[in-house]
Amino acid sequence: MSNSAGEIVRIANIAIGIRYADESLRRPLSETVSRFAVIDGEPDIVITVDVMPVDLPPPGRLLFDSGAVWRAYDDDGGFRIDCSSEVFGDVPYKSAFFDRELREGRILVRPEAYLDTMHALDYPLDEVVVAHLLGRGRGVELHGCGIIDRDGRGQLFVGQSGAGKTTTARVWLAEGHYYIVSDDRVVVRFVDGEWRMFGTPWHGEAELSAALSAPLAGIHLLVQASRTELVSLPPAQAAAALFGCTFPPFYDAEALRFTLECLDRIVSDLPVRALRFLPDRSVIDCIRSAT
């Protein structure tokens, strides 16, 4: 795909091709997503951006309501994602349509709501598309902070909001010679015979993200405590804790099944432990001594 035809964004080695039915619909990628733009490659999915017709048909059966800006619907066996905002009235400001296997899609935008600073793939569609593609046998996205250590190995610190992911990232950054692939959302995939973690554009409070990846050495479930230590967990408990920090499309049975299978493989192949920690460099010493 050439630049004249569109764009390619590669997140976790998953390539999303973007074409425009009309050049007037082209908008700049956000600053964080632009870090993941590439010049060429074979897209896993090609999405065409076009103008929303005034007679857009009503959606099918509701599958999921985010409670915020988007809803997912069944669309003849595929998926439809409507994005709405009170700012733009009752009609969705953009609607996306995907076939069941997510090989191709369309994003329809309302011209009067399509601002100069609004890329068609902007939140939530970029993350929704990647979540669906991961669920088709590619991997899992985890709520975590990914750090590449001095040996080039990935250390993944997983936890819900408030668990200490951004704090952990800042502790490692203060030591220097470390890279943060994201301080909030990290993708884990089995690639070329090894588990790897990948950065994403979706960052946390520290706004840290990078288009980097590394072999995954271990996963650490964050638990704030009065001292820093790693605690072994039974595989079933580790898998359940990881599942609580994943982002699969829960309305898609196939994706949900694969996510569970993938987590079972991860806890079988990698050390997944609880990290009871103080927010200081004792975290670094603890991880170094264990690997």
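No experiment lies behind these values; they were computed from the predicted model shown.

Draft legend 1. View of unusual backbone geometry. In the segment running from Tyr 123 into Pro 124, the intervening peptide bond is cis, with an omega of 10 degrees. Relative to the helices and strands, Pro 124 resides in the loop between strand S9 (104–109) and helix H2 (125–134). The residue Asn 13 is not glycine, and still its phi comes out positive at about 60 degrees. Along the chain, Asn 13 falls in the loop between strand S1 (6–11) and strand S2 (14–20).

Draft legend 2. Region of interest: helix H6 (residues 282–290). For H6, the full list of buried residues reads Val 283, Ile 284, Cys 286 and Ile 287. When H6 is viewed along its axis, its buried side chains cluster within an angular range of 165 degrees and face the same direction. Packing partners of the buried residues in H6 comprise strand S11 (154–158), helix H3 (165–175), strand S15 (213–224), strand S16 (229–232) and strand S17 (272–277).

Draft legend 3. A look at helix H4 (residues 235–243). Of all the positions in H4, only Ala 238, Ala 239 and Leu 242 are classed as buried. Down the axis of H4, the smallest arc covering the buried residues is 95 degrees, so these residues share one side. Facing away from the buried surface of H4 by more than 90 degrees, the exposed residues are Ala 236 and Ala 240. Of the surrounding elements, those touching the buried residues of H4 are strand S10 (140–148), S11, S15, helix H5 (253–269) and S17.

Draft legend 4. How the structure looks around the sheet that holds S9. As summarised here, the arrangement of the 9 strands in space is S3-S1-S2-S4-S9-S8-S7-S6-S5, forming an open sheet in which the pairing is mixed. Whereas interior strands pair on both sides, the edge strands pair on one side only; in this sheet they are strand S3 (37–38) and strand S5 (62–65). Pairing of S1 with S2 involves 6 bridges; the strand directions are antiparallel. Its bridge partner being in S2, Arg 10 is matched across the sheet by Ala 15.

Draft legend 5. How the structure looks around the nonpolar core. Formed by 42 residues in total, the largest nonpolar core has its most connected members in Ile 16, Ile 45, Ile 47, Val 49, Ile 81, Phe 98 and Ile 107. With 6 residues, H2 is the largest single contributor of residues to this core. Leave out the neighbours within four places in its chain, and Ile 47 touches Ile 16, Gly 17, Ile 18, Arg 19, Phe 98, Gly 105, Arg 106, Ile 107, Leu 121 and Val 129. Among the nonpolar cores identified, the runner-up in size contains 27 residues, and Trp 195, Leu 216, Ile 266 and Val 267 belong to it.

Draft legend 6. Focus on empty space enclosed by the protein. Within this structure, the stated rule accounts for 2 cavities of 30 Å³ or more. Its boundaries defined by the atoms lining it, the largest cavity holds a volume of some 60 Å³. Taken together, the elements giving at least two residues each to the lining of the largest cavity come down to H2 and S10. Along the lines of polarity and charge, the residues of the lining of the largest cavity split into 5 nonpolar, 4 polar and 1 charged. Each pocket or cavity is described by its volume, and for the second largest cavity that value is around 30 Å³. Split by residue class, the lining of the second largest cavity holds 3 nonpolar, 2 polar and 2 charged.

Draft legend 7. Structural detail: the packing of aromatic side chains. Tallied over the entire structure, the rule returns 8 aromatic pairs. Ring geometry for Phe 64 against Trp 70: centres 5.2 Å apart, planes inclined by 40 degrees, an arrangement best described as tilted. For Phe 64, a relative accessible area of 29% puts it in the partly exposed group. Since its relative accessible area comes to 12%, Trp 70 is described here as buried. Centroid distance Phe 190 to Trp 195: 5.1 Å. Interplanar angle 65 degrees. Geometry classified as edge-to-face.

Cut-offs applied
Residues numbered from 1 in each chain as written. Predicted model: local features only at pLDDT ≥ 70, side-chain atom pairs only at ≥ 80, totals over all residues. Heavy atoms only, no water. Helix = DSSP H or I, 4+ residues; strand = E, 2+ residues; numbered from the N terminus. Buried < 20%, exposed > 50% of the residue type's maximum accessible area, 1.4 Å probe, protein only. Arc of directions from axis to C-beta. Contact = heavy atoms within 4.5 Å. Pairing = 2+ DSSP bridges. Core = buried A, V, L, I, M, F, W, Y, C linked by side-chain atoms within 4.5 Å. 1 Å grid on protein atoms, 1.4 Å probe; cavity = no way out; pocket = protein on both sides within 12 Å on 5 of 7 lines; lining within 4 Å. Points joined across faces, edges and corners; volume = space filled by probe spheres on them. Nonpolar A, V, L, I, M, F, W, Y, C, P; charged D, E, K, R; others polar. Phe/Tyr/Trp six-rings, centres within 6.5 Å; stacked < 30°, edge-to-face > 60°.

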